Structure formats: C-alpha cells, structure tokens
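Here are the chains, one letter per residue:
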Amino acid sequence: MNLRNLSFRMERKGATLILENGIRFEGWSFGYDGPCDGEVVFSTAMVGYPESLTDPSYSGQILCVTYPLIGNYGVPDDGVDEWGISKNFESEKIHVRGLVISDCSFEYSHWNAVKSLDQWLREQKIPGIYGIDTRELTKILRENGSMLGMIVPEGVSKSFPVPDPNMENQVAVVSCKEVIRYGKGEKKVVMVDCGVKHNILRCFVNRGIEIVRVPWDYDFNTLDYDGLFISNGPGNPEFCDVTVANIRKAMETGKPIFGICMGNQLLCRAAGAKTYKLKYGHRSHNQPVRMVGTNRCFITSQNHGFAVDNSTLPQEWEPLFINMNDGTNEGIRHRSKPFFSAQFHPEASSGPTDTEFLFDEFISKL
Amino acid sequence: MIDSNIKKVVVLGSGALKIGEAGEFDYSGSQALKALKEEGIETILINPNIATVQTSEQVADKIYFLPVTPYFVEKVILKERPQGILLAFGGQTALNCGVELYKSGVLERNSVKVLGTPVQAIIDTEDRELFVEKLDQIDVKTIKSHAAETLQQAKDAAAALGYPVIIRAAYALGGLGSGFCDNEQELEQTCEKAFSFSPQVLVEKSLKGWKEIEYEVVRDRYDNCITVCNMENFDPLGIHTGESIVVAPSQTLTNEEYHYLRELAIKIVRHIGIVGECNVQYAFNPDAMDYRVIEVNARLSRSSALASKATGYPLAFVAAKLGLGYGLFDLKNSVTKETPAFFEPALDYIVCKIPRWDLSKFHGVSRKIGSSMKSVGEVMSIGRSFEEAIQKGLRMIGQGAHGFVGNKELKVEDIDEALREPTDKRIFVVSKAMNAGYSIDQIHSLTRIDRWFLEKLERIVLTYKKMQEYSDCAGMPLDLLRQAKMQGFSDFQIARAVYRDMAIEEAQTIVRQYRKEHGIVPVVKQIDTLAAEFPAATNYLYLTYNGTGNDVRYENDNKSVIVLGSGAYRIGSSVEFDWCSVNALQTIRNEGYRGVMINYNPETVSTDYDMCDRLYFDELTFERVMDIYELEQPHGVIVSVGGQIPNNLALRLDQSGVRILGTKASCIDKAEDRHKFSSIVDALGIDQPKWKELTTLDDINSFIDEVGYPVLVRPSYVLSGAAMNVCYNEEELRKFLSLAAEVSKKHPVVVSEFMQRCKEIEFDAVADGGEVIAYAISEHIEFAGVHSGDATIQFPPQKLYVETVRRIKKIAKKIASALEISGPFNIQFLAKDNAIKVIECNLRASRSFPFVSKVLKINLIELATKVMLGLKPAAPRKSAFDLDYVGIKASQFSFSRLQQADPVLGVDMASTGEVGCIGDEFNEALLKSILSVGYSIPEKNVLVSSGDALNKADLLGACRLLVEKGYRLFATGGSYKYLLENGVQAERVLWPSEENDPETAGKYASALKMLQDREIDLVVNVPKNFTPVELQNGYKIRRAAVDFNIPLITNARLATAFIRAFTSMKMDDIQIKSWDQY
C-alpha cells in the first residue's frame, strides 16, 4: 500500500480564518493557495456544495458549511445543455470567495463526478480552509451577526480593513451583461437577472416557457412579454433602485409578476415596502414557511441576508408566506393583481423541492 | 383540532425483546404515553415486558402485563372501554395484533378509534401485492415481486425474473424466513422455510450491491410532510438494514439524489395516507439515477428510534400528537422549545449505527449475515468525521475491539471469501484486507461497499501505520497525534501503535498525560436539531476532537451525579438495565442533584434527553468516562445500575481518583474476582461448589478426579456466561479451555464442579453500610444448569422450605457485611434439600431487579440510589410473604431467526428477552407469561421425547394429565416405551436416525414429517445427554419445531409446569387484571 502524500495534516499547509473582531481559527489550506476576504456567512445545508458554491447569491461571501463532511461525492462536469444552461451547476463559475469546512474529502466517490472539490477550487482560484470548528464559528456569527473575515494561508500576510462586499452592488457584479434567450414556447417571460440560478432557467424551460434574460438594470418595459420574473441575487436590495423603478413601471401593465429571493425584496420595494438586514440571514435547506391563512406548510431552501419588513407593506399587498421559525416575511402577493413572490427558493437546487408548484402557479396566470 | 371525545386510549406494547423487535419500542411507547398524558388522556398499556420503562408507575395510568394478542387485547378493551387505540408504537407485534382486531371487527364493535395512520393504510403497506399496486398508481417503482403459494409457482417466477432472486415471507417480522437464492436448489430450501411462516411467499429480483437508503417521514392530517432524517447503509443491499452499519445523514448522495428520494418519499406517504410517522426504504443504483422502493413501514420502527436519537427530533412523541389530530405547525420543536416541530433537522455531525451480534452464544448458527436479521442490539456513535464516528462505534459494540485498527489479529482463512460473504466480523475483515495490502478497488469489488467509506477507513489504517514509525509521543509530530484523535483513535490504540513493548495500561496513561499537557482534549458539542442556527440550551451532548469550542458552561458545583449506562443490548444485558438507569436518574433528580447519563444505545429510554439533566451520548470506556468526569467535576459516579460494563470500569476509575458512590470499588473487585470472592466465602464458612483455578492440565485432572464430571468452566469476569461451558468429558474440556483462555488472558479461568438437579435461587437486595435493608428471593422453575437469564423465575418463591429461605438470608447478610455493600446486589444460590451453596455474587443491580421491584411494588433501584447518595433511607416494612399473588418471569428466545442454531438451553444464556406476568396463583401467572413469550395452548397433538431416566420420571405425571385431558401423545422410542410401561397411552414416532433403519422405517410415522405437516401442536424435547449422536437426533426435531413455528419446550420441569397449568385451567379462567389491581 502506498502512503498517499496528502494524508497527513502535518504535511499540509496551514491557514487561518480571521474575523474582523479578531477571532482566529487555525486550520489547513485546500483548494487555491492564496488569501481571500469577504462577508463570512454560514449555511446549515447538509448536501449540495456544488450548487451552493456556484449560486450567484453568495457573491462577495466566504461560506462556512456547518455540515462537517464536505467533498464526499466530488464535483460533476461543467457541461451545458442546448440552451447553454449548466447541467450540474447554478451558474458558470464559483461565486463564493472562500470556503470554510471541518473535514474535507480529498477522495470522492460518485459516478457523476469528474474531479475533487479540492481540484475544482484550485482550478477556479477559490481558497478553502478545513479543520475548522464550523459549529463554533457559526455560534459566533449567530451571536455577533455576519461579519467580515479572511482566509490567510501560511506564509501570506494580509490584514484588515478589507472592503465590505455589502457596500458594493453585488447584483451588478453577477448579472448578465446582455440579453439572452432560452427555450421555446407560446408564453414569453422576461427574467430580470439579479444573479439568477440556472435551476430557475431549467424550471421555466422545462415547462415550455420562452425566457428573455435581461441584465439587472435593463429597461424590459420596451419588450413584449407575457409575464415578468425577478430573480434571486446577492447582497443588499437597496443598490437596485433602477430595477425597482422598472418593476414599478411593469406593475402598471397588470401582467403577472413573480419574484424569488432578491426578487421578493425588489418587488416589495417596488410596492413601497422596506427591507432590512437580518442579523445572520437564512441559509439552509430546512426553513419552515406557512402560507398565510392556511394550514399549508413547506420546507424551503433559503439563502438571503436581507428581509422584507412586513409592517411596511402597503394596503393592497399582503404577506403570502411567513417564516415559522422567526416570523419574518417569506413572500408577498397583491390582493387583486397577479403579482407574487417568495423569499425562499422554490427552484430548490440545492434543497427541498416542496414549493416548485409556484412556477406552475405563475405560469397558469400568464 | 384534537378529538375531544378521546378520553381513554389503549397503547399496545411489543412484548418481550426479540431479534428484530427490541428496546426501541420501549422508547417509542414511552414517548407516546408521555404525549397522551400531556393531553390529560387516560392511558392503558398492554405489555407483558415487565422490565421496560413504559411499564412503570406514572408512565401509563394502567398497565396490563398480558400477551399482546387479539384475545387478550379484546378482553382489555371490553373491560376498559377506551375510545382510542395506538397500534404504531409496539412494533410488528402491535401492528399485526391491531390489524387482526380491525379485521375481526372488534375495534368497530367497541367503537375504538385507531389513532394515527388508518388500518387500511397499514394493510396497504404490509401486503406486498397491495403495496406494489398502490405505488404503481403513482408511478413509483417497487421491487416487483411475484406472489407464490406453491413451490412450483415460486420456481416459475424465479425463472421468469432470472437468478439471483430473493424470497420473502409475507407479514413477517424484519425479514423472517427470507433469503437470497442463486439457483433453484437454494430456492427450494428457502421456500420451504418461508412457507412455514406464511402461506404466501414473494419472489423478487435481487438488487445486490445497490445502495440502501432510508427516509423517515412525518405527515399530519393537513397533509403537511417533513422528512426528519435520511440514512445510508454502509453495507449495500442484500444485508438487512438491522444487520448493516448505517450512517446518518447519507454521505454519498448528491443534492439531486437526496432530494429526488425525499420528494418521492413524501409523495408515497401522502398517497398511502400515513398520519404520524413512517419510513421509506430504497434500493438506489450506485451507477445511475435509478431506484426501487423496498418497503414502507407504517409505524415507528428501529430506524425511527435511531433517527430520533440521531437528530434530536422526538418522532414517537410527535407521531402520537399527530394521531390525536394536531398539525405539525401546532407543535413545538422540543429542543429549542420555540421553533415549530414542522422543520427538518440539520445535523452538524455524523452518526453511525453498528449492530451487535451474539452469535457465539449459539450452537451451530451460521455466522453469515444477509437478508434476515440476527443482531441482538446496536450502538450509535456520534462524531464530526466518519473516522471518529466509526472508531467510537466499534469500541461501543463491546466485543473487544479498540476501533478499526489496533485490535487483536483476526484469523481469516480466505480474505477474498470473507469479503464476499459477509459475516458478523465483516468490518474487521475489511481492516485486515487493508493491512494485507488490498486496494480500495479490490475491496469495493468484493464487498460493494461504497469507495467513499473505504477511503475513509483506509485513512485510519494509514494513520496507524504512520504512528508505528515512532516509539514515543514526544518524538511524534503533534499534528499526527491530533489527527489520530480527530480520527477517533483511543489512547489505547495510540499506545499500542507507539509503545509496543510497554504494558498497555501504563502506555495508555502516558499517552493521556502527554496529550493533555499539549492541549489535545475533546470538546463537548450539543445536538440541537438546527446546526447552531438558533440558540438552544440542549442537554443532549457528545464529545469530539474535531472542534475547538465547548458548547456547555459547567457549574462546577459538585451537584452532578453521573450514571453509567448499560451500552448495547446483548444477550444477558438489555432493557432491564435501562429501567435501572432511568430509575436511578429519577431518584438523583428528585433528591436535588443533577442527573447526568452516559450511554450510547439508541434503543433506550435512558438516552432520551428528557430523562436527565445532561446526556452524554458517548462511550463507556475508561478514557471517555474520565474525560466527562474531568469536565463535570461531579458529586460522584454510579456504576451499579448499568450491568456489567460500568461494573468492570469501577476499579480503574477508582484508582484514577473517581468518586464512586455506593459500594467501594475494591469490594466490587472482591466479588468480581472469583478467587478473591471464594476466599471470602470460605472465610465466612459459606459453602460453594468446589472449584479450582486453571493453570496446567495436570492440575485439572487431579481436580476432576476429586469432583468428577461434569464440570463447569469459566473465566473470572463473566457476563451472562460468556465463554462458560459445561464439559462432560476430557475431550470437551480440552477443546473448550483453548477457547476460554482466549477470552481473557488477564483473569484466570476456573473449573468448578457442576451440580445437577439442584434448585437455583436468586437473592436481589439493597444494603446500606453492609446491612441488608430490602431483599427479594425468587426461585427458578428449572433446575440449576439453565442460565439464570434463560430460566423461568417465580417470585415470591412457591416451593422453598422455610429453612432454605432462612439460611439464604443469613448467608446474604454475612456477605453484605463482609463486602460492606452500599447499594444494589444480587447473589445466586444452589439449594438441594436445605443445603445451600453460593455460586455468584454481583455488587450491582441484576437482570431481575425490575421484575421483583414491580411484583413486590418496592422500587429497589430508588432505594439503592438513595443509599448511594448517602441518604440513609429507612428499610421498607413490606415483605414478599405479604403478597397474595405470584409473579412469573419467562424468557423469550429468538431461535427462529438464528438459522441452524440448536434451540437447547444450557449454562450459556440464549434468550433475547423476557416477560413478567402476575396471577392470583402460580398456574395462572405461568400461563400468562408462557403465552406472552409466543407459546399457545396445544389443541390436540403433543410430541414427547423425554430425555434421560430422571427426566422421563419428571415428565410422567404431566404426560398422564395430557392423556386424561384428551390429548394425543406421540413419543420417540425410549419415551414411548417408558410411557407404555407406566400405563400412559402414546403412539410411537421415529427419530430422524430411525427413518432409514429397515427395522422401523415405514412402521411408524416420522416425527420430522409430522412437524413439517403441522400435525403437532407442542413439542417437548428434553436432550438426553450432550453426546454428539444424541444431540444430533434431538437437534433435528428441535430445529424443525422452531423452523415450522411449533411451540417447543426443552426442559422437563418447565414442560411439566406448563402442562399442569393449561390442563388445570381454561383461557377464560385467566383474569384480566391490571397491575394496580394486585
């Protein structure tokens, strides 16, 4: 039996995760051998690291995964389908700035995998750190709120201050730069790309909808369409006033509108409600939501740091879903017009698929 | 919301522990009862398992120690007039009973509403054909099975599907009577057996090598669904999930796969219409996105108990509430107390379940594991890496392993074959193969275990080898030491790798010292259901080296009392010690201390985080107990309520400065060490069977010249007679000694004279400062020689001389005083006439503590715990002489699951569980208890082989009674002759060996044939002697009785008692009285 080289921690390079409040976690470097910084957030999802890492909503963030064993089933290939939609990922590239985990599987096992997580991170120049007590880190983030941090490999010096990604318009960073069309069908939906996940594209295209994907600041009111979809996306919705103005204009036409995540926040802002930053956000696969006024409850996948303030919703709007853990807003609807949105991710990927029916609801209104 | 008409509810328990149905149902039943009580509903529990926690005061309002059969449940319903019944909390026993009551209209006639999943949904999941049909309706793929009612039909189906196929018996407990068949010959064998359990067998295509994945699903009546947990089997399909190592959550599934199967599970559960809890088992293709649904259990199961412990989500409690009509959104997450029960736990650790087998306890049993369950218990280990969890778990199963590596060399003749044909040692064969240089691919292709698991295991091997390059800790990189601990290495394993020439205990101490000096210590983590997302003040804890922060802030006020639990259920140690642990915890908490539990058995109530102030779901090893002791800084530790595991730790803990409450560790050692104990007994002038320590063969020979055969051989540290045997001649002795010496090198093996035809008597008691303050004397029905765990026990004793009792009390007092006992203890005596000999003394609670406590209605554990806390409780005034009723404890055997095992009883324990029933007089109590362990009163034909002359004489009266009552007796040669000579009418049948003898063949009916044709209702087969020829003949009869599901009794005294009981009274004479009515 040959003793594999990378088996022993003492033979690996050390790395440190440093938080802006000075707390340090010592671990080992994997993936790209270089430093990174960003907002440190945690997710309690137990599966789906390829999906999470490529989710544009993580733009600007260092992701701490609370589930300790990561990399088990490797990483699938980056092929695309006939429309150019990624088969296995949620976008064209990794969007997190760094990955923080406890135990890394350098060896992986899955028929669908072509490389290890370690190799993928190296290729995409994303630093990782393992050997971290992710539970302890999560407790700190929970108590102090999300904060800035950096991953610094041994032999590199890097110090605070670092730029706060929440002060930048992350949506502008991840949105497409030009109009892209997908799918074929009788109905046409304009998709405002604030950092759209590819599974949303799949959810529409598989249902026979033609999609016109437009940049976040594109004035889609010039286009001819049957319905408007506002996608998920990273960061603070306050940067997207252009989009909000466009949505307001679209609302006047009365055509159906559906928003997800950032889309929920932007629709709310267009309606006149306010958004605020949550202490540490919702990032998991197990967020319970209840459809207001019913006994129907759903387990949802979530990834957001900002939320809608229910109390600021104007008269003609009402909450559609409420988070059963903390009572925060999980979606809104217009009392008379076909406008609704969800704060969670009905397209899942990663996460539970309980609420995918919302796509059907929207399409039935077109 | 909830149905307010439901004021009284009957809950069905699962009866005695058996293979496939064990302590998990005590846990789920207890949770259900708690949920009902919280609603102010009166609870009526039917469960003859007297050693359980659920059959305790304050858990249920009324308890019936009666068989869970339609006959008795109907009687209780008629008496109690409940509005509702819960069927899903007592395993397959309760479910089958409930289905029968439903089909016969008993429930409807008495307006008893089934709470939770409707019975029709249960039937839809239990009947394979209906099940497949049901899932076909929603295009869910099942393993298509072809029902066959004859062998020919089965053959045709198999030919159509193509071999390999699997045969299953319909309506059977956990795979009973099922098996894989590679060809027609194997099909014939398996079918024959399967048909004996069920008129219908199912032939299915085998999916050997696929992954096995389970989801635990909860649904409320509003159609809200959650999956609380998924689990992945380490062993691929083909090995029963009860026989497999299981991890939670799944490790090798991608997000797409995980949620694909989750969505399917929810779709299935909605379509079937479950209300409550249910599990869905899948076969999953390892090479493509393809699945089959294996089965759906519409009830709480072993997996659901595991899922509850793995996640902290109380499935049984929630299921009971949903059965009452609540929605999931109405209920709270019982860990956070704030967030709702409608959520799916996020784990930030991995759990590993490992089965525990006790196959060495059985003669002739095959050690191969496969599609039917043989394991008797399980452990759950928790870690933050797979390596950590599995190494912990392998220590926890308590079969001498120190982890995945660093164990005693396993002897394997052919590694390839051992990998291909899994046995109970499979995981250690993998270890051996890795050490022998097998590649991951080779092992994978032979075992089909996923490469991911194998890669992780190989890392353990690599770390061990790396450590072997060093000869002391100081020379080793700290990171290597740290990595070893993160991979779950114990100090022992590290010591063995590094200090190869040093005494292991000394080396272990050095390792511990060194790593503590360098800050390599474990941290405590909470299981909080939400992966730290929400603050949770949970007391459900484990230790890990994969972390830097502690979740617990300790009070350091010396107000904690640690109770060491009993570990994995095994033959000789099961739910009774869980009852003891739970009662000790309750007493500790009632007395104002913090109750702290250490245990790792997911099938228990003591590992319910509601039961204590802090639960460490962790190892009961010296190392881990010390880790926890150092963190807790407790008032003291109780080692005497969890059976032998904590008892064995006492001395070392004491030497390391641990404060042990109650009897001193040195005294425990005096009782445990035969040599020391014997000298004490001698010094006190108490008689004991002659014995000698074994050193050389000459010694033995001269000793046996003195006492004569048979002799009893055993090592000094004994749990339920492990490696204990009776030897009838020199050859047997020599053969056995080589095995016994292997069990324990450190403690000498002793040979003692084996007393025949003696009474065996149990003395269970509590002493304070060496003075007995409460006791219970009980008497075995069988003569000594049947292990006390297998014997049928009567309390109070019915046939002891007053003088015998007096002498026993005197002796016990002397021993209690000599050993300065403070706490629970048990002494076993032999009595012949009034001559008394002591055979064993345990300074801990014994197996019979719950039984005698509940019959006597004095909680001996509560009393003992008060003693150990130094509270000087007053001696209870009541004595067994005041009882105007009788309790009988009977044993449950699981031979039907253990193919080829000889169902004969001996000094080694073989039963997997027990019941205890109370009656107004002996016969009634006996009948209740015998019926409770699965026997039925024979209708017509009884087959007798009555053993040697003395046994023949013992049985004569009973045989005469049978004939008088109109039974037809069939007897083998010698017994036939004896019966005839004594004027008892019988018909001769042939032994298997006589069938081909031209003198007898054809003249008389064949005993085996009669069994196969089910012409016999009861078999009494007493082994004549233990010579191979005799055993062989009797073996075939006994095995046939077991395989064809015909009641079998192998002991003349028990057979006589049973026959007297059922000939003296009718079923109708059996009183339906609850415990409180005695």
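Residues numbered from 1 in each chain as written. Chains lettered and ligands numbered in written order. Predicted model: local features only at pLDDT ≥ 70, side-chain atom pairs only at ≥ 80, totals over all residues. Heavy atoms only, no water.

For the rest of this paragraph, the subject is the overall build of chain B. The number of helices and strands found in chain B is 35 helices and 39 strands. In terms of C-alpha radius of gyration, chain B reaches 28 Å, essentially the compact-globule figure of 31 Å for 1078 residues. Viewed in the frame of its principal axes, chain B has a C-alpha envelope of about 80 × 70 × 60 Å. A separation of at least 24 residues holds for 70% of the contacts in chain B among residues at least 6 apart in sequence. Averaging the coordinates of the 123 positive side-chain charges in chain B and doing the same for the 143 negative ones gives two points 3 Å apart. (Helix = DSSP H or I, 4+ residues; strand = E, 2+ residues; numbered from the N terminus. Rg over C-alpha atoms; globule rule 2.2 N^0.38 Å. Contact = heavy atoms within 4.5 Å. Lys, Arg positive; Asp, Glu negative; His and termini not counted. Charge placed at Lys NZ, Arg CZ, Asp CG, Glu CD.)

Glancing now at the packing of helix α12 (residues 386-396) of chain B against helix α16 (residues 451-467) of chain B. Residue and element names in this part refer to chain B. At a minimum axis separation of 9 Å, α12 and α16 run at an interaxial angle of 75°. One way to sum up the angle between α12 and α16 is to call them roughly perpendicular. Each of F386, E387, I390 and Q391 in α12 lies in contact with α16, whose residues at this interface are W452, F453, K456, L457, R459 and I460. When grouped by side-chain class, the residues that make up the contact of α12 with α16 number six nonpolar, one polar and three charged. (Axes fitted to C-alpha atoms, helices over the stretch in contact; angles between N-to-C directions. Parallel < 35°, antiparallel > 145°, perpendicular 65-115°, else oblique. Nonpolar A, V, L, I, M, F, W, Y, C, P; charged D, E, K, R; others polar.)

Put simply, an interface is often sized by how much accessible area is lost when its parts join up. Listed as interface residues are 70 residues of chain B and, on the opposing side, 63 residues of chain A. Carbon and sulfur atoms supply 53% of the area that chain B and chain A bury against each other, a total of about 5700 Å² over both sides. Ranking the residues of chain B by area buried against chain A places N255(B), R384(B) and E533(B) at the top, with a combined share of 12%. Between the two partners, chain B and chain A, sit nine salt bridges. A salt bridge links R459(B) to E107(A), with the shortest nitrogen-to-oxygen separation between them at 2.8 Å. Connecting chain B to chain A are 27 residue pairs in polar contact (both at pLDDT 80 or more). (Buried area = accessible area lost by both parts, 1.4 Å probe. Salt bridge = Lys/Arg side-chain N within 4 Å of Asp/Glu carboxyl O. Polar contact = N/O pair within 3.5 Å; in protein donor to acceptor, adjacent residues only side chain to side chain.)

What follows concerns the environment of R292(B). All names here are of chain B. In this fold, R292 is placed in strand β14 (residues 291-297). Filtering out sequence-adjacent residues up to four positions away, R292 remains in contact with K141, T142, I143, L207, W210, Q281, Y282 and A283. A polar contact of 3.2 Å, which involves the side chain of R292, links it to the side chain of D290.

Moving on, we get to the pattern of salt bridges. Taken as a whole and assessed by the stated rule, the structure comprises 98 salt bridges over all chains. R335(A) is paired through a salt bridge with E318(A); the nearest N and O atoms lie 3.0 Å apart. Pair noted here: R335(A) is in the loop between β20 (329-334) and β21 (339-342) and E318(A) is in strand β19 (residues 317-323), with a separation of 17 residues, a long-range link. Its salt-bridge partner being R302(B), residue E24(B) comes within 4.0 Å of it at the nearest N-O pair. One end of the pair, E24(B), is in helix α1 (residues 24-38); the other, R302(B), is in helix α10 (residues 302-311), with 278 residues separating them in the sequence. Each member of the pair, E24(B) together with R302(B), is buried. Among the charged side chains, a network of salt bridges with common partners joins K392(B), K485(B), D491(B), R512(B), R515(B), K516(B), D618(B), E623(B), R624(B), D627(B) and E630(B). (Buried < 20%, exposed > 50% of the residue type's maximum accessible area, 1.4 Å probe, protein only.)

For the rest of this paragraph, the subject is the sheet that holds β21(A). All names here are of chain A. Spatial ordering of the open sheet is given by β12-β14-β13-β15-β16-β21-β20-β19-β17-β18, a layout of 10 strands whose pairing is mixed. The open sheet has two edge strands, β12 (180-182) and β18 (297-308), and neither has a second partner. In this sheet, adjacent strand axes meet at a mean angle of 25° when their direction is disregarded. Set on the sheet, helix α5 (residues 198-205) makes contact with β12, β13 (187-193), β14 (209-215), β15 (227-230) and β16 (257-260); between it and β14 the angle comes to about 150°. Across the sheet, helix α6 (residues 241-251) touches β13, β15, β16, β19 and β21, and the angle it forms with β15 is around 155°. (Pairing = 2+ DSSP bridges.)

Attention shifts here to the pairing of strand β1 (residues 14-19) of chain A. Residue and element names in this part refer to chain A. In terms of burial, β1 is a largely internal element, six of the six residues being buried. Neither face of β1 is left uncovered, since the one carrying G14, T16 and I18 and the one carrying A15, L17 and L19 both have all their residues buried. For β1 and strand β2 (residues 24-31), the ladder comprises five bridges, and the chain directions are antiparallel. The residue of β2 that forms the bridge with I18 is R24.

A cluster of nonpolar side chains, W111(A), Y260(B) and M289(B), forms an exposed patch at the surface whose accessible area comes to about 270 Å². You can see W111(A) is positioned in the loop between β8 (103-104) and β9 (113-115). (Patch = residues over 30% accessible without salt bridge, like charges linked within 9 Å, V, L, I, M, F, W, Y side chains within 5 Å. Areas by Shrake-Rupley, 256 points an atom, 1.4 Å probe, with all protein chains shown as cover.)

Time to look at the packing of aromatic side chains. All names here are of chain A. Summed over all chains, the structure comprises 45 aromatic pairs over all chains. Taken together, a centroid distance of 5.5 Å and an interplanar angle of 75° make the contact between F106 and Y130 edge-to-face. With F106 in the loop between β8 and β9 and Y130 in strand β10 (residues 127-130), this pair connects stretches of sequence that are 24 residues apart. For F106, a relative accessible area of 13% corresponds to the buried category. Taking the relative accessible area as the measure of exposure, Y130 reaches 3% and is therefore buried. (Phe/Tyr/Trp six-rings, centres within 6.5 Å; stacked < 30°, edge-to-face > 60°.)

So, on to the confidence of the model for chain B. Any region with low pLDDT has predicted coordinates that should not be read closely. Per-residue pLDDT for chain B averages 93, and the proportion of residues at 70 or more is 97%. Across the whole predicted complex the pTM is 0.95, and at the interface the ipTM reaches 0.97. (pLDDT = per-residue confidence, 0-100.)

Counting buried residues along helix α7 (residues 262-271) of chain A, 10 of its 10 residues qualify, which places the element largely inside the surrounding structure. Within α7(A), the full set of buried residues consists of M262(A), G263(A), N264(A), Q265(A), L266(A), L267(A), C268(A), R269(A), A270(A) and A271(A).

So, on to the environment of C667(B). Residue and element names in this part refer to chain B. On the secondary structure map, C667 appears in helix α23 (residues 665-672). Taking the C-alpha atoms as reference points, C667 and A650, 17 residues apart in sequence, are found 10.0 Å from one another. When near neighbours in sequence (up to four residues on either side) are disregarded, C667 contacts L819, E820 and L843.

Averaged over every residue, the pLDDT of chain A is 95; the share at 70 or more is 98%. Low confidence marks residues 1-6 of chain A, where pLDDT is under 50. Its contacts with residues over four positions away, or in another chain, come to 16 contacts.

This part takes up the side chain of Q828(B). Among the secondary structure elements, Q828(B) is positioned in strand β30 (residues 823-832). In this structure Q828(B) comes out as buried when scored by relative accessible area, which is 9%.

Residue and element names in this part refer to chain B. If you walk across this open sheet you meet the seven strands as β14-β13-β10-β11-β12-β15-β16, and the pairing is antiparallel. Of all strands in the sheet, those with a lone pairing partner are β14 and β16 (377-383), marking the two edges. On average, each strand axis in the sheet is inclined to that of its neighbour by 25°, with strand direction left out of account. By the bridge criterion, seven bridges tie strand β15 (residues 350-356) to β16 in an arrangement that is antiparallel. Its bridge partner being in β16, P355 is matched across the sheet by E378.

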